[in-house]
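Listed below are the residues making up each chain.
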Amino acid sequence: MMMSTFVNREVELKLVDEAFSALLSKQRLLRNPIVDFYGTGGIGKTSLLRKVEQICQDKHIFSLWADASQSDSAFSSTIVEQVEKYGVQIVPQEETDNLLHQSIDATRALLQQGPVVLLLDALDTADSQCVGRIEALLKNFVNERQLFVVIASKSTISFQNERSVARKLTSVHLPPLDRSSCEAYLKSPGSQIPSELYGIIFEWTRGFPLAMQAMTEAINAGHDPRHTQDRQEILAVIKDQVINQNVLAKVEPEKRAHYYTSLRLFSVPRRFNLMIMQDLIERFAPELKRESNLAYFALPREIQQATEVLKWNVPRAGYSVDTPVRNIFLLELKLEQLDDYIAIHSFLAETNKRLATEVNGPDRIRYLREYLYHNAIRNNSLNMPSILQQVTEQITTESPEAFSQFYEEFMQDEELKEALGEHLTFSLALIHSHLASIYKQLAIKTTGTQRLHYWGEFLFHAIHDPQMTDLTSMLQETLTTLTQELSPEEVTKLFQKLAHNKQFEDSLGEQQVKNFRSFLRDNHLEG
């Protein structure tokens, strides 16, 4: 990330601030002595390390910067040179020409003067031998209370050779910037980007810093994304900087077209397995077809080794292209090959629908959610309500736990909710209505304190049904039911618990909160 203005990263900087507080306190221990900030190239890892380096200067804490892409000798000598610039005398424990030992002695000498922050950039570029030397360096100081290590890498680092080091490691994924941070960057001093383009820039780049930089350069060169003739020029600049110069930078020229086509095709699904991968190739890129089914087994690893952007996504339980890069390929398809874009989504919708009938449990829930996502993009508005109704009914045939899983995953799935657009309200109505029904049944069949919990969940989902238009009437009806099931004290406790739930209020909205509190006052439930 080459952006001159540093924005966002509050979560990551909070972790750094906590470490600095522990470093400067003799009573506190570092909770996370080694932190690895990882993410796709251009996401802002080096910029974050530079920010940490600046904080070190502001707080008068020693810092050492080392680039793992350097040779072993350059890496070690860089550390020694920086320690010497601090005016610290290095006393070797033994006379040796071993550069690793020299860097260990230098780091130890600096630690004797006070807390040290070691910044290791581009660790993913180091070969196994270099990583082994870095592990050996860190092993010598793994129990040192005054050393904080911050790493930047494209993928998570494991430090498999030194368990004592691995146990101290915390990995933190760097996501793209959110909309407000994107706008903060575009409003930075010296920026000449018109405010009316902020939204377009975010929609195109999705907060990927490298793509934002490329797009703003194109706009500053005179291109306007609102003009049809300029869009291809801007897209060409983004593709060149993000894909050609970044993702495919290490790929041999004669193989670039192969990997470019593969990544663009695999960017349409959010998750896929080998079977879907093979079907996509043979349907939409037959020139990449392999000689046998077994031959596809090695394809994900080949793409990952060449590009470093295709990985097994644990939360999605499938392979996926890194989100920032995936968004650029999707942008290209939408702007330049819309028919192919819709056709691939249609194919994936039907594929996920079919696969959902062949499995049960969590896998079925995942396939149905992907079916909804691809349908929302490929389908016309008239069909979506019936599709949503059908999917909800399918999920209700599973256990209540499965539906609860679907609800939790759906509520965290911002991409799916955005794709649903105007149909999101109807989707939420179906989900909350069914959950309210489940919890009501559980409450009626349960005794003891658990019953009160179920009634509370029933109220939560009943109130959050977006198609519920008369909150007061619904609450009054519910109160009548509850007074027949619970004691007056339990009823008051139940409503009071909701009234003091900040998450509940935040999700309800200002007007509905006023209506809810008015209902409490009118029925003497304020406590």
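Quick note: structure is the one above.
Predicted, not measured: the structure shown is a model, and the values here were computed from it. (Residues numbered from 1 in each chain as written. Predicted model: local features only at pLDDT ≥ 70, side-chain atom pairs only at ≥ 80, totals over all residues. Heavy atoms only, no water.)

Visitor: Is there a simple way to think about the overall build of the protein chain in this case?
Guide: Of regular secondary structure, the protein chain possesses 25 helices and seven strands. C-alpha extents for the protein chain along the principal axes are approximately 85 × 65 × 50 Å. Here the protein chain holds 527 residues, and 52% of them are scored as buried. Contacts spanning at least 24 positions in sequence make up 68% of the contacts within the protein chain whose residues lie at least 6 apart. Accessible surface computed for the protein chain: about 25,800 Å², of which carbon and sulfur atoms make up 47%. The centroid of the 54 positive side-chain charges in the protein chain is displaced by 3 Å from the centroid of its 69 negative side-chain charges. (Helix = DSSP H or I, 4+ residues; strand = E, 2+ residues; numbered from the N terminus. Buried < 20%, exposed > 50% of the residue type's maximum accessible area, 1.4 Å probe, protein only. Contact = heavy atoms within 4.5 Å. Areas by Shrake-Rupley, 256 points an atom, 1.4 Å probe, with all protein chains shown as cover. Lys, Arg positive; Asp, Glu negative; His and termini not counted. Charge placed at Lys NZ, Arg CZ, Asp CG, Glu CD.)

Visitor: Teacher, can you tell me more about the pattern of salt bridges here?
Guide: Pairing between side chains of opposite charge can happen when the charged atoms of each approach one another. Within the structure shown, the criterion is met by 27 salt bridges. Between Arg270 and Asp413 there is a salt bridge, with its nearest N and O atoms 2.8 Å apart. Pair noted here: Arg270 is in the loop between α11 (256-266) and α12 (274-284) and Asp413 is in the loop between α18 (400-412) and α19 (414-420), with a separation of 143 residues, a long-range link. Taking relative accessible area as the criterion, Arg270 reaches 2% and is therefore assigned buried. (Salt bridge = Lys/Arg side-chain N within 4 Å of Asp/Glu carboxyl O.)

Visitor: Before we go on, may I ask you to explain the packing of aromatic side chains in this structure?
Guide: One pair of aromatic rings is described through two measures. These are the centre distance and the angle between the planes. Overall, the coordinates contain 12 aromatic pairs when judged by the stated rule. Here the aromatic rings of Phe403 and Phe406 are separated by 6.1 Å at their centres, their planes lie at 55°, and the arrangement is tilted. Note that Phe403 and Phe406 are positioned in helix α18 at a spacing of three residues, about one turn of the helix. Residue class for Phe403 comes out buried when judged on its relative accessible area of 1%. An aromatic cluster is present here, built from Phe266, Phe272, Trp312 and Tyr319 joined pairwise through their rings. (Phe/Tyr/Trp six-rings, centres within 6.5 Å; stacked < 30°, edge-to-face > 60°.)

Visitor: Teacher, can you tell me more about the side chain of Thr307 here?
Guide: For Thr307, the position within the fold is in helix α13 (residues 299-307). Apart from residues no more than four positions distant in its own chain, Thr307 is found in contact with Val247, Leu248, Val251, Tyr259 and Leu263.

Visitor: I tried to follow the environment of Asp127 on my own but got confused; where do I start?
Guide: Position of Asp127 relative to the elements: it lies in the loop between β3 (116-121) and α5 (128-139). Asp127 sits 55 residues away from Asp72 along the chain, and the two C-alpha atoms are 9.9 Å apart. Here Cys130 takes part through its backbone nitrogen, which lies 2.7 Å from a polar atom of the side chain of Asp127. (Polar contact = N/O pair within 3.5 Å; in protein donor to acceptor, adjacent residues only side chain to side chain.)

Visitor: Whenever I open this one, the environment of Tyr259 confuses me. Can you help?
Guide: Among the structural elements, Tyr259 can be located in helix α11. For Tyr259 and Lys440, which are 181 residues apart along the polypeptide, the C-alpha to C-alpha distance reads 53 Å. Excluding residues within four positions of it along the chain, Tyr259 makes contact with Leu248, Val251, Glu302, Ile303, Ala306 and Thr307.

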